[in-house]
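Residue-level structural notes
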Amino acid sequence: MTQISYGLFSELLLVRIHGRAEAYLQASSAERLALVAACRGEATVPDLAQRILSRTIYAQASSRIGPLRELLQNALDASPPGARIDVRSSEDGREISVTDQGRGMSRTELLADLLVPFRSGKAGEPDAIGEHGIGFFSVLEIAPWIEVVTATPSGGHRLLVAPLGGGPPYEDFSWTLLSLPRPSPAPYADGGRAGVPASPRASEPPRRPTTGTSVRLSLAQPISRPALAAEVAAAVGLVDAAVARIYVDGALVNTARGRLRRAAEVPLRLPPSGELCGAVELLVGRGDGIEPQLTITQKGLTVATRIDPFPGPELGLHRELARAITAAGFGLVAELPLGVPLNKGRSAVAATASTAVEAALIAAFERFVLRDALYDRELLRAVDHRLSSVLDRLLHAALLGESITIASAQAVDELDPVARTPTVAAPEHVIRFASGLLDAPLFRSIVVDAGQRPSGAALSPPGQVHYRSAPLTLRELLQAHRTGALRPLEAAPSLSSSQVRSTARGPLGASGPGPELAVGREAPGVRPGELVYLALDEPLAQAFWRRLASEGAASQPLQAAAGAPPRAPSAAPCPMPRTSREALLKTAIDVPGVRAVAAVMTIIERLDAAISESTDLPASPIWVHQDLYGPDEMAHTDGSGISVNLASARVRALLTAVLLRDDAVAFTALADLLLHEKTHVSLASYVPRPTAEHGTSFYRRKDWMRRRLLAAIASGAVADPMRWLAVARRGLASAALPAPSELSRAFLAAAAAA
């Protein structure tokens, strides 16, 4: 074979397109020129090869991290497990070298695979990441001058790449290929002591290793050493050290994987065949190198990052829980199987697989919450204020008697959309696994036999009290609370008999058990005639007890379970789902006061239109509901629309005042309520931080929207929405709003008839 020493990238691509690559590699210099000229003459577009190269080089990476990741990906694919990969930079920051101890590349691989786009020498290798054959070309965007020194057991080569023409972007790139002599023993850093090889400098020509590849880049723009370390860590910081140890100027950068633990795993099937390609692994941890966000990786290489992992109103509870976890400094890492295709820049999952991957990420997060996070003390204590808020909402709905029957979305496709009902955190399709939270055994408790059992059940022997440690669910604790059998236990007992005996005496008091105690086996649930002592040393248990106290239940003396009559049920709630004006008039037109609600909704819609027009936001759908969060919650939004709570006494007084007269104070208060919820709508889409809820950014945004509204009204750009009061009152006989119970009854009847 003729030893080719010089050529152009476009020539290699052109002869490949015309199927004459082998002839080109075997031809002499004169024959190659004639072959390239013939191919150009046959081409419909003479400069087609140059156009393909330009788009391949300059349309992949949005930052310097992408090309660096491509080089390190190639080094990982070529290296054996646990090998060392070195990234070094020159003092002036204009040169970078990436050196691996892999298998190296032969002359044919350099010319037929590396320098030809859409050709990959990794085809058929199950553990290799690269698949498009274009990653190397992205490096030319940041480093148009490249030197590659590579060695295999049979020989070594030096490849030089240089740009042609003025640029960037450059018209073409030339390559020069030289053969290298056999390697000599490497010198040692200590002047001859074995085991300490000398560290090559990026500014020196790399010595030929026994096997492996060294790529030296001459950068178009210099980079500082701290910036280089940060960018390499962003690309490969999550690579397992067992796969490779990656050093930047002598410092190991991929140490974060050791601080991550596997939290969930979900099988992944890709469309359209539905073939199983592996499993998505969700890992969690915190510390140096782990960013508080969701990082999607493949073989440890970063694919994408999301500060807010779950956008969209249908994932409201997921987003709230994820924000709670990341706000406490924890990072989530989703490791994709190698079978998942990525786009050519490796910055996102390919469109064909994105839906399946998103569903797997949601399911993995749900499994993590239900099976792991709620039992992790370190995580729970770190996110106390956030997860307690989620539990507080669930608990409040349960105390009101709201039915939560949605199963966990471990199999998302099996959920019946018709069966979804409004729950604590949002309407129909927001909560997918609230039932799993309510039925998870989260609360450490001591269940004590109080000495009374149903007829036919065996009683405890005199002088003995049977007790057991039982992890109870929220539903079980609520049932114990309703029957008067719940007690606080300030210090949680352990499972040893002596410690439990001394701890149990205090809460039981003078009327408690005798000195002899008999330990029963652990068992879930609470039977009639048993007392439940709840350990209050956990964040969720404290949130539970705070809610009971706020309801006026925990502060009252609890009746003894023995012989105590069941507690009288509280007043029945009057729920009503989120309802539009049209649905309200269609369902409850005969209920007195419904027309007044329709008039109010017209006023609110005009307010929303004025705010939207003055702040360049889309108009929001306006709904009404009852007891979505409870009667104290005046209004609600999940990012898709604004819903006003007709069960709130404050809202009813405000709406009645607006309907009765032209009350500027009442109308201003209603406008402020709409501005508050509209701020939530505007921030939900692009402020991925917990402070976006009611933090500095929230109130700054709200104040900005208020000023824009007032300025628009003052300039006449927006009509004063208060003028619509007279229009809304036309034909209205009374400003009285319907009773919540009447509205609830009308919607229950409509649901039963349906």
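Now for a quick tour of the structure. Residue indices follow the written sequence of each chain, beginning from 1 at its first position. Restriction of local features to residues with pLDDT of at least 70 applies here, the model being predicted, together with a cutoff of 80 or more for giving and counting side-chain atom pairs; totals for whole chains, interfaces and linings are based on all residues. Computation of side-chain values: all heavy atoms of the structure, hydrogens and water removed.

All right, on to the overall build of the protein chain then. For helices the rule is a DSSP run of H or I covering at least 4 residues; for strands it is a run of E covering at least 2, with both sets numbered from the N terminus onward. For the protein chain, the count of helices and strands is 23 helices and 23 strands. Look at the contacts in the protein chain between residues 6 or more apart in sequence, and 69% of them connect residues 24 or more apart. Contact between two residues is taken to exist if any of their heavy atoms lie within 4.5 Å; hydrogens are not considered.

This part covers helix α5 (residues 65-78). A helix is expected to span 1.5 Å multiplied by its residue count minus one. Here α5 spans 20 Å end to end across 14 residues, near enough to the 20 Å set by a 1.5 Å rise per residue. Counting buried residues along α5, 12 of its 14 residues qualify, which places the element largely inside the surrounding structure. Listed as buried for α5 are G66, P67, L68, R69, E70, L71, L72, Q73, A75, L76, D77 and A78. Exposure is judged per residue with a 1.4 Å probe applied to protein chains only, and the accessible area is read against the type maximum: over 50% gives exposed, under 20% gives buried, and values in between give partly exposed.

Turning our attention to the packing of helix α17 (residues 581-588) against helix α18 (residues 594-615). To obtain an axis, a line is fitted to C-alpha atoms, over the contacting stretch when the element is a helix, and the angle between two such axes runs from 0 to 180 degrees between their N-to-C directions. Two numbers describe how α17 lies on α18: the axes approach to 10 Å, and their chain directions differ by 175°. One element, α17, and the other, α18, form an angle in the roughly antiparallel class. Across the interface between the two elements, R581, L584, L585 and A588 from α17 touch V594, V597, A598, M601, T602 and E605 from α18. A per-class count over the contact of α17 with α18 returns 7 nonpolar, 1 polar and 2 charged. Just so you know how the angles are binned, under 35 degrees is roughly parallel, over 145 roughly antiparallel, 65 to 115 roughly perpendicular, and the rest oblique. Polar here means any residue outside two lists: the nonpolar Ala, Val, Leu, Ile, Met, Phe, Trp, Tyr, Cys and Pro, and the charged Asp, Glu, Lys and Arg; Gly therefore counts as polar.

Another point: the packing of aromatic side chains. Side-chain rings of Phe, Tyr and Trp, where Trp is taken by its six-membered ring, are said to pair if the distance between their centres is within 6.5 Å; with planes under 30 degrees apart they count as stacked, over 60 as edge-to-face, and otherwise as tilted. Per the stated rule, a full pass over the model turns up 4 aromatic pairs. Ring geometry for F310 against F365: centres 4.9 Å apart, planes inclined by 50°, an arrangement best described as tilted. You can see F310 sitting in the loop between β13 (301-306) and α9 (316-327) and its partner F365 sitting in helix α10 (residues 351-371), a full 55 residues away along the chain. For the residue pair F310 and F365, the accessibility class agrees, reading buried in each case.

Inspection of the secondary structure assignment puts E147 in strand β4 (residues 145-152). Among the residues examined, E147 registers a relative accessible area of 4% and is labelled buried. The definition of a polar contact used here is a pair of N or O atoms within 3.5 Å, where within protein one atom must be able to donate a hydrogen and the other to accept one, and adjacent residues in sequence count solely through side-chain atom pairs. In this structure the side chain of E147 is engaged in a polar contact, spanning 2.4 Å, whose partner is the side chain of R158.

A few words on the nonpolar core. Judged by nonpolar contacts, the single largest core of 54 residues is most densely connected at F9, L115, I146, L159, W175 and V232. Setting aside its immediate chain neighbours within four residues, I146 contacts F136, V139, L140, L159, L160, V161, V215, R216 and L217. Each nonpolar core is a collection of buried residues, namely Ala, Val, Leu, Ile, Met, Phe, Trp, Tyr and Cys, held together in the definition by side-chain atoms within 4.5 Å. A588, A671, L673 and L709 belong to the second-largest nonpolar core, a separate cluster that totals 46 residues.

The topology assignment puts R606 in helix α18. In sequence terms R606 and A619 are 13 residues apart; their C-alpha atoms lie 9.7 Å from each other. Excluding residues that lie within four positions of it along the chain, R606 makes contacts with P721 and W724.

Another aspect to go through is the pairing of strand β7 (residues 212-218). For β7, the buried fraction is high: 6 of the 7 residues fall into the buried class. One ladder, built from 6 bridges, connects strand β3 (residues 95-100) with β7; its direction is antiparallel. Among the inter-strand pairings, I96 is bridged to a residue of β7, identified as L217. Criterion used throughout: strands pair if DSSP finds at least two bridges between them. Note: β4 against β7, 7 bridges, orientation antiparallel. Residue pairing in the sheet places W145 in a bridge with S218 of β7.

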